[in-house]
Each structure stands twice: as C-alpha cells, then as structure tokens.
Amino acid sequence: MPTAAIEIRRKYSREEETALIDAVQAAMIAALKVPHWTTMIRLFVHEPHRFVGPPDKGEQYTLVSIDCFIGRSVETKRALYQAIVQNLGLCGVPADHIKVVVREAPRENWAIRGGIPASDVALEYDVNI
C-alpha cells in the first residue's frame with residue numbers, strides 16, 4: 001500500500017502533471033512489485049516562495065516522498081530511486097533536481113480495508129523483497 005507525494009515548485013500543464021504522477025507510479029510498481037491499485041500518489045504544486053529547495057536547482061526541483069510498509073531491501077530501494085529518476089527524466093526533470101525520501105512503518109501502523117491493521121491482512125504482494 002505505498003503512497004507517494006510529489007512536490008514541485010512550478011505549474012505544469014494537466015498533461016505534464018499526469019505524466020509526473022504516472023512516472024512515479026510506474027517506478028513504484030516496477031521496483032516495489034506491487035499491483036497498480038495499491039498505490040496512491042498525490043501531486044502538490046507550491047508557489048516557489050513556499051517551497052524553498054537548494055538554491056542551484058531552480059523551478060524544476062522535485063521532492064518525492066514515499067510511505068510504505070517496512071521490509072524492502074536496500075537493493076530494492078536503489079532500484080526504486082533509479083526508476084523514479086529515470087522516469088521523471090523522461091518528463092524533463094533533471095536527475096540532480098530530484099530528491100526521494102522513503103519512510104517505512106510497521107504494518108500494524110497502517111489501517112486498511114475498513115480500519116483493519118495491515119498486519120492482520122493477507123496482502124497480494126510481498127514487502128520483503
């Protein structure tokens with residue numbers, strides 16, 4: 001049940017915004033090996049003065065924060081980072097303008113399927129990859 005937030009400092013067209021979301025979703029599905037329907041991705045467009053990034057990155061600075069169940073290996077996370085950078089690169093975002101943060105939580109800290117702790121639910125995918 002990984003969720004992601006993409007934070008950007010400039011306005012894009014509707015099509016470009018959809019492409020950014022699709023790029024992160026595709027990376028999550030490929031690297032984390034989760035079904036597409038388990039992902040949730042939000043896009044936040046900040047006024048530049050409300051999202052201050054590194055001074056040399058400019059308006060294309062992009063922060064991707066991912067919340068997921070604990071259990072993925074460092075190799076899996078590396079694959080995720082590379083997939084996100086590659087996919088966002090296809091959208092015109094320079095690799096050095098992207099920061100990815102992964103926050104992991106135990107399954108008992110997530111309520112899903114009507115308020116059931118995720119630790120009590122048989123998932124359709126493995127998080128220990």
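Above this text is the structure in question.
These notes cover the structure that comes with them. (Residues numbered from 1 in each chain as written. Predicted model: local features only at pLDDT ≥ 70, side-chain atom pairs only at ≥ 80, totals over all residues. Heavy atoms only, no water.)

## Overview of the environment of Val100
By secondary structure assignment, the location of Val100 is in strand 4 (residues 98–105). When the C-alpha atoms of Val100 and Ala19 are compared, they prove to be 17 Å apart, with 81 residues separating the residues in sequence. (Helix = DSSP H or I, 4+ residues; strand = E, 2+ residues; numbered from the N terminus.)

## Points about the sheet that holds strand 3 (residues 62–69)
In a beta sheet, neighbouring strands are held together by backbone hydrogen bonds and run either parallel or antiparallel to one another. One open sheet holds the four strands; their spatial order is 2-1-3-4, and the pairing between them is mixed. Of all strands in the sheet, those bounded by a partner on one side alone are strand 2 (40–45) and strand 4. Between one strand axis and the next, the sheet turns by 15° as a mean value, whatever way the strands run. Bridge count between strand 1 (residues 3–8) and strand 2: six bridges; the pairing is parallel. Bridge assignment links Ala4 to a residue of strand 2, and that residue is Ile41. Strand contacts of helix 2 (residues 74–89): strand 3 and strand 4, with the helix running at about 145° to strand 4, the strand carrying the most contacts. (Pairing = 2+ DSSP bridges. Axes fitted to C-alpha atoms, helices over the stretch in contact; angles between N-to-C directions. Contact = heavy atoms within 4.5 Å.)

## Focus: the pairing of strand 4
As paired elements, strand 3 and strand 4 share eight bridges and run parallel to each other. Note on strand 4: the bridge partner recorded for Asp67 is Arg103. Once you follow strand 3 into helix 2 and on to strand 4, the crossover reads as right-handed. (Right-handed = clockwise from strand over helix to strand, strands pointing away.)

## Description of unusual backbone geometry
Although it is not a glycine, Lys33 sits at a positive phi angle of roughly 55°. Mapped onto the secondary structure, Lys33 falls in the loop between helix 1 (14–32) and strand 2. The residue Arg113 is not glycine, and still its phi comes out positive at about 50°. In this structure Arg113 comes out as partly exposed when scored by relative accessible area, which is 40%. (Buried < 20%, exposed > 50% of the residue type's maximum accessible area, 1.4 Å probe, protein only.)

## Observations concerning the environment of Ala30
Here Ala30 lies in helix 1. Assessed through its relative accessible area of 48%, Ala30 is described here as partly exposed. For the pair Ala30 and Asn109, spaced 79 residues apart in the sequence, the C-alpha separation amounts to 24 Å.

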